[in-house]
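Examination of the molecular architecture
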Amino acid sequence: MKSAVETLNPTRVRLTVEVPFEELKDSLDAAYKKINQQVTVKGFRKGKIPARVIDQRFGRGAVLEEAVNDALPKFYTEAVNEAEIDVLGQPEVDITELKDGETLNFTAEVDVRPTIEIPDYSGIEVEVDAVEVTDEDVEKSVEQLRERFASTSPVERAAEDGDVVTIDLQAKVEGEVLEDGVADGVSYTIGSGELLDGIDDAVKGLSAGEEATFTSELKGGSAAGKEAEVTVKVTQVAARELPELDDDFAQLASEFDTLEELKADSRKRLENMKQYDQATQAQERVLEKLLELVEVPVPEKLLEDEINTRKHNLEHHQLGQMGLDLEKYLEIQGKTVEEFDAETKEAAVKGIKTQFVLDELVKQEKLNVNQEELTEHLMRRAASSGMSPDQFAQAVVEGGQVPLLVGEVARGKALAVVVEAATVKDTNGEVIDLDDEEETEAAADVAAEATEADATDADEAEKTEG
């Protein structure tokens, strides 16, 4: 076999391959054997039909077609390896000549990973938010904890903000009660915004046994998006009682003996969270600067596939779980189809460039991923997906996704190398020396998020729906 490679552009090549006919022998033998098992000819046992009879009855062309289909992947792979090119996606193959007994010639056009030159990145400078935890932040954190330990007790008065009411609901559309529009004994905290628009105003001022009717757009169910007449009946009003903020509360809600110890722990946790956020911010801004420094051509077919994948994931996974379609999602986001398409393309281009650049850095820096690093990353991905580590690991293995996780960790390490060389200052002008462990964890997460469909907007849509 002889092959040659022609560069069509920085991201696409054409392979020209010439195969002597004798190299098709194994594939021809396999073709005759396969056809033998599929057909019957009177006078011959199944599987024992001579090749000449198959040629006469079914045509030599059918045998050649079967043999070539079998052989092409092998010869294509040999040509790729011989040319030492890093292909992306499936090739477009064209058989240019097939002479029985003489030769098989074909071409294969395929996208390739572009050659990337990584410039000196040591001069990168970025600014991030300073880590500042105020007394107000601590008080808010403790108050949230206090809310979790609130108790309720029925009261004989009209419902007010913050009360927990037990309600029965009935929704009608065009005068008809919906089959899935009736719910009894629903517990609702007034002001939480967790049910229908308008329900807070409807129930405030009602006592147990009283009801009100209001109009609201249904967010889910059989009549999602339609205006409904909703009748709400209050069956109980309960006041929420918060525990006193004292040492007894600290002992109830935590492992600490005093309220001051609890507050000190809250401050430390908030500082840790803000430090991680700071590290993530540093990674994102350094990555932006790095991509600005590098010229990265993007293969058209790869970009098209990436855009389609992102749209599919959004429509059929994220939005599907919320009971939304793309039209409703864009309405919530206040975006046109054109704006959505432009943003999706921009994110896809960034994702592809990020992967190319960081993969090149992995090679350049000779970075490897050990089992401990992979396990830690898997644990974080499991937590963010809402699955247990065992469930997530099983899904990853069964889906053949282990190499993808390894790639995420390796790219995170590459980004951490760049951040280490960059100058990171906070808004107070202080140079930040990021914690190595936090830096690597944040970098892996940032690299993973940049190279896959971003769920941020969909998450915001879900919050808006709630």
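Owing to the predicted nature of the structure, the values given are computational and were not obtained by experimental measurement.

With that settled, consider helix α9 (residues 326-333). Considered for burial, the residues of α9 that qualify are Lys-328, Tyr-329 and Leu-330. Of the residues one or two after α9, Gly-334 is the one with positive phi, at around 70°.

Now for unusual backbone geometry. Its identity is not glycine, yet Glu-174 carries a phi of approximately 55°, on the positive side. Tracing the sequence through the fold places Glu-174 in the loop between β7 (164-173) and β8 (176-189). For Lys-366, which is not glycine, the phi torsion reads 55° and is therefore positive. The residue Lys-366 is located in the loop between α10 (337-365) and α11 (371-385) in this model.

This next bit is on the environment of Glu-373. Summarising the element assignment, Glu-373 is placed in helix α11. Separated by 166 residues in the primary sequence, Glu-373 and Ser-207 have C-alpha atoms spaced 58 Å apart. When sequence neighbours within four positions are dropped, the list of residues in contact with Glu-373 reads Asn-368, Val-409 and Lys-413. Here Lys-413 takes part through its side chain, which lies 3.1 Å from a polar atom of the side chain of Glu-373.

Another aspect to go through is a negative patch on the surface. Together, Asp-247, Asp-248, Asp-257, Glu-260 and Glu-261 make up a region of like negative charge exposed at the surface. For the negative patch, the secondary structure elements donating two or more residues are α6 (247-253) and α7 (259-293).

What follows covers the packing of α10 against helix α13 (residues 402-421). Closest axis-to-axis distance for the α10/α13 pair is 8 Å, and the angle between their directions is 80°. With respect to each other, α10 and α13 are oriented roughly perpendicular. Seen from α10, the contacting residues are Gln-355, Leu-358, Asp-359, Leu-361, Val-362 and Glu-365; seen from α13, they are Ala-410, Arg-411, Ala-414, Leu-415, Val-417 and Val-418. When its residues are assigned to classes, the contact of α10 with α13 shows eight nonpolar, one polar and three charged.

So, on to the UniProt feature "domain: PPIase FKBP-type" (unreviewed entry) in the protein chain. Cross-referencing UniProt, the feature "domain: PPIase FKBP-type" (unreviewed entry) maps to residues 162-215 in the present numbering. Within residues 162-215, the helical portion is 9% and the strand portion 54%, while the C-alpha atoms at the span's ends are 22 Å from each other.

Right, let's get into a nonpolar patch on the surface. Together, Val-93, Ile-95 and Leu-98 make up a nonpolar patch on the protein surface, roughly 220 Å² of accessible area in all. Locating Leu-98 in the fold gives a position in strand β3 (residues 87-99).

Quick look at the nonpolar core now. If you look at the biggest cluster of nonpolar residues, it comprises 40 residues, and the most contacted ones within it are Ile-124, Val-286, Leu-290, Val-357, Leu-361 and Leu-415. Of all the elements in the fold, those that place two or more residues in this core are β5 (125-128), α7, α8 (300-322), α10, α13 and α14 (436-450). The element that contributes the greatest number of residues to this core is α10, accounting for seven residues. Apart from residues lying up to four places away in sequence, Val-286 is in contact with Ile-124, Val-126, Leu-415, Val-418, Val-419 and Ala-422.

In this section: the sheet that holds β3. If you walk across this open sheet you meet the four strands as β1-β2-β4-β3, and the pairing is antiparallel. Where the open sheet ends on each side, the last strands, each with one partner, are β1 (2-9) and β3. The mean angle between the axes of side-by-side strands here comes to 20°, regardless of whether they run parallel or antiparallel. Two strands pair when backbone bridges link them, and β1 and strand β2 (residues 12-20) are joined in this way by seven bridges, in the antiparallel orientation. Residue Asn-9 lies in a different strand from β2, and its bridge partner there is Arg-12.

Parameters at a glance
Residues numbered from 1 in each chain as written. Predicted model: local features only at pLDDT ≥ 70, side-chain atom pairs only at ≥ 80, totals over all residues. Heavy atoms only, no water. Buried < 20%, exposed > 50% of the residue type's maximum accessible area, 1.4 Å probe, protein only. Helix = DSSP H or I, 4+ residues; strand = E, 2+ residues; numbered from the N terminus. Contact = heavy atoms within 4.5 Å. Polar contact = N/O pair within 3.5 Å; in protein donor to acceptor, adjacent residues only side chain to side chain. Patch = residues over 30% accessible without salt bridge, like charges linked within 9 Å, V, L, I, M, F, W, Y side chains within 5 Å. Areas by Shrake-Rupley, 256 points an atom, 1.4 Å probe, with all protein chains shown as cover. Salt bridge = Lys/Arg side-chain N within 4 Å of Asp/Glu carboxyl O. Lys, Arg positive; Asp, Glu negative; His and termini not counted. Charge placed at Lys NZ, Arg CZ, Asp CG, Glu CD. Axes fitted to C-alpha atoms, helices over the stretch in contact; angles between N-to-C directions. Parallel < 35°, antiparallel > 145°, perpendicular 65-115°, else oblique. Nonpolar A, V, L, I, M, F, W, Y, C, P; charged D, E, K, R; others polar. UniProt positions renumbered as here; feature names shortened; annotations may be inferred. Core = buried A, V, L, I, M, F, W, Y, C linked by side-chain atoms within 4.5 Å. Pairing = 2+ DSSP bridges.

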